[in-house]
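A closer look at the structure
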Amino acid sequence: MKHIKILGITGGVGAGKSTILAYLSKKYQARVIELDKAAHLCMQHGTDCFDRIVNTFGREILTEDGSICRPALSKIVFADRSKVEELNRIVHPAVKNYIREEIQKETEKGSVPFIVLEAALLLEDHYDEICDEIWYIYVEDEVRIARLSSSRGYTPEKTRAVLKNQKSDKEFRRFCQLVIDNSSDNVENTYKQIDRGLGTHGFL
């Protein structure tokens, strides 16, 4: 079976990653997997991950229909850092197993040119072990502030506070193999960088 290359896409909040994922899916028919959505799947009723979470945090985190209430779970774990780590020890391996299974399925089918994994924490969660490359989506801070104000109603102070808790631009650049500058209002500039990067980095 032909090896399917795995491209990681990461960057801070407001970087416009969803626009880039849509472009990769539509133009190149790449298989896109967003890790946050994968985590939702892994936490569904009937999975081992679901059972372990309920056993660890109690049935009070469940809704009336028996699914996990994410706000209730978040309220518990973010009040205690040790509980965040405990939840991560359950969810992160489950997500990685899911990702590896999906990669295997796509490899066997051989119908997509490459696979894209997206998450803000790809580097922190060591997805360099799975990805052939990880690309950093960069946006100037002032542009990010304006976009998040428009799309989510964030104040400049809130955006800066969120950014302060994420990896710095310097760290992203240090550990990623390519930087895509998504600061321009003309998205075609971003698309051209992606097209060029896919060609020169061997994804096409």
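Residues numbered from 1 in each chain as written. Predicted model: local features only at pLDDT ≥ 70, side-chain atom pairs only at ≥ 80, totals over all residues. Heavy atoms only, no water.

1. A word on the side chain of Glu 102
Position of Glu 102 among the secondary structure elements: in helix H5 (residues 81-109). The class for Glu 102 is buried, based on a relative accessible area of 10%. Ignoring any residue separated from it by four or fewer positions in sequence, one finds Glu 102 in contact with Arg 31 and Ile 33. (Helix = DSSP H or I, 4+ residues; strand = E, 2+ residues; numbered from the N terminus. Buried < 20%, exposed > 50% of the residue type's maximum accessible area, 1.4 Å probe, protein only. Contact = heavy atoms within 4.5 Å.)

2. Points about the packing of helix H6 (residues 141-152) against helix H7 (residues 156-164)
At a closest axis distance of 9 Å, the pairing of H6 and H7 adopts a crossing angle of 120°. The orientation of H6 with respect to H7, classified from their angle, is oblique. Once H6 is placed against H7, the crossing between them reads as right-handed. Each of Asp 141, Glu 142, Arg 144, Ile 145 and Leu 148 in H6 lies in contact with H7, whose residues at this interface are Pro 156, Thr 159, Arg 160 and Leu 163. Split into classes, the residues belonging to the contact of H6 with H7 amount to four nonpolar, one polar and four charged. (Axes fitted to C-alpha atoms, helices over the stretch in contact; angles between N-to-C directions. Parallel < 35°, antiparallel > 145°, perpendicular 65-115°, else oblique. Left-handed = near helix turned anticlockwise from the far one by under 90°. Nonpolar A, V, L, I, M, F, W, Y, C, P; charged D, E, K, R; others polar.)

3. Thoughts on the pattern of salt bridges
As enumerated under the stated definition, the model contains 11 salt bridges in all. The closest approach of N and O atoms between Glu 129 and Lys 96, which form a salt bridge, is 3.5 Å. Pair noted here: Glu 129 is in the loop between strand S3 (114-118) and strand S4 (133-138) and Lys 96 is in helix H5, with a separation of 33 residues, a long-range link. We note a salt bridge from Lys 109 to Glu 106, for which the minimum N-O separation is 3.8 Å. (Salt bridge = Lys/Arg side-chain N within 4 Å of Asp/Glu carboxyl O.)

4. Digging into the sheet that holds strand S1 (residues 5-10)
If you walk across this open sheet you meet the five strands as S2-S3-S1-S4-S5, and the pairing is parallel. Each end of this open sheet is capped by a strand with a single partner; those strands are strand S2 (31-34) and strand S5 (178-181). For this sheet, the mean angle separating the axes of adjacent strands, direction not counted, is 25°. With four bridges connecting them, S2 and S3 associate as parallel partners. (Pairing = 2+ DSSP bridges.)

5. A word on the pairing of S5
Only one face of S5 is buried, namely the one carrying Leu 178 and Ile 180, since none of Val 179 and Asp 181 on the opposite face is buried. As defined by bridge partners, S4 adjoins S5 across four bridges and the pair is classed as parallel. Counterpart to Trp 135 in the pairing with S5 is Leu 178.

6. Describing the packing of aromatic side chains
With the rule as written, the count across this model stands at seven aromatic pairs. Centroid distance Phe 114 to Phe 203: 5.9 Å. Interplanar angle 75°. Geometry classified as edge-to-face. Of this pair, Phe 114 sits in strand S3 while Phe 203 sits in the segment after helix H9 (187-200), and the two are 89 residues apart along the sequence. Look at Tyr 136 and Phe 172: their rings are 4.6 Å apart centre to centre, the planes differ by 10°, and that puts the pair in the stacked class. A residue pair is termed long-range when its members are at least 10 positions apart, and Tyr 136 in strand S4 and Phe 172 in helix H8 (residues 169-175) qualify at 36 residues. Residue classification places Tyr 136 among the buried residues on the basis of a relative accessible area of 2%. Ring-pair connections join several aromatic residues into one group, and the members of that group are Tyr 23, Tyr 28, Phe 114, Trp 135, Tyr 191 and Phe 203. The aromatic ring of Tyr 154 is capped on one face by Lys 158, whose charged end is 4.4 Å from the ring centroid. Over the face of the ring belonging to Tyr 138 we find Arg 173, whose NZ or CZ atom lies 4.8 Å from the ring centre. (Phe/Tyr/Trp six-rings, centres within 6.5 Å; stacked < 30°, edge-to-face > 60°. Lys NZ or Arg CZ within 6 Å of the ring centre and 35° of its normal.)

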